[in-house]
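Architecture and fold: a report
Residue strings, one per chain:
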Amino acid sequence: MSDRRAADEAAIEAVLADSYRAWAAGDADAMVADYTEDATAVMTGSLRDGRDVIRRSMALGFEGPLKGSSTRNRRLGIRFLGEDGAIVVSESGILFAGESEVPDPRKVNATWVFERRDGRWLIAAYHNSPVLAPGN
């Protein structure tokens, strides 16, 4: 891997880490700080179209059912699309207060689409789908 790609990968990992920390802090503003203004998120069958819509949705969640939660995340892969695009695939799940492991039915596979804008890697799109049990 070239030094440039290693630096790009590290920058993308830092964006993801910041997003995960913001979730754990229940901070919707910080969570979307590295999203493009026109970002989209498809979660639980719903489309959240735009950074502000994503922020509002997460703020409501952090005030309600997601209060005190965090996420468990494991990167499964990354591939670059030209100079300014990347896709990260991860397995993720929500840990609610008091939990140390994510139950299998709550695990999701996620795709994160990154775009480099003005020298910064930003999240342009996110989508998740339940992890199927082996054999399905």
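Before going into details, it helps to say that this report is about the structure given with it. (Residues numbered from 1 in each chain as written. Predicted model: local features only at pLDDT ≥ 70, side-chain atom pairs only at ≥ 80, totals over all residues. Heavy atoms only, no water.)

Let's shift gears to helix α1 (residues 3-25). With 23 residues, α1 should reach 33 Å at 1.5 Å per residue; the first-to-last C-alpha distance of 33 Å fits that figure. For α1, the complete set of buried residues consists of Arg5, Asp8, Glu9, Ile12, Val15, Leu16, Ser19, Ala22 and Trp23. The first or second residue beyond α1 is glycine 26, which carries a positive phi of 65 degrees. (Helix = DSSP H or I, 4+ residues; strand = E, 2+ residues; numbered from the N terminus. Expected span 1.5 Å × (residues − 1). Buried < 20%, exposed > 50% of the residue type's maximum accessible area, 1.4 Å probe, protein only.)

Moving on, we come to the packing of aromatic side chains. Going through the model one piece at a time under the given rule, you end up with 4 aromatic pairs. Seen from their ring centres, tyrosine 20 and tryptophan 112 are 6.2 Å apart, and the 75 degrees between their planes marks the pair as edge-to-face. One end of the pair, tyrosine 20, is in helix α1; the other, tryptophan 112, is in strand β5 (residues 108-117), and 92 residues separate them in sequence. The exposure class of tyrosine 20 is partly exposed, given its relative accessible area of 22%. By relative accessible area, which is 5% here, tryptophan 112 ends up buried. Among the aromatic residues, ring-to-ring pairing joins Tyr20, Trp112 and Tyr126 into one connected group. (Phe/Tyr/Trp six-rings, centres within 6.5 Å; stacked < 30°, edge-to-face > 60°.)

Along the chain, the position of alanine 11 falls in helix α1. Taking the C-alpha atoms as reference, alanine 11 lies 16 Å from serine 90; in sequence the two are 79 residues apart.

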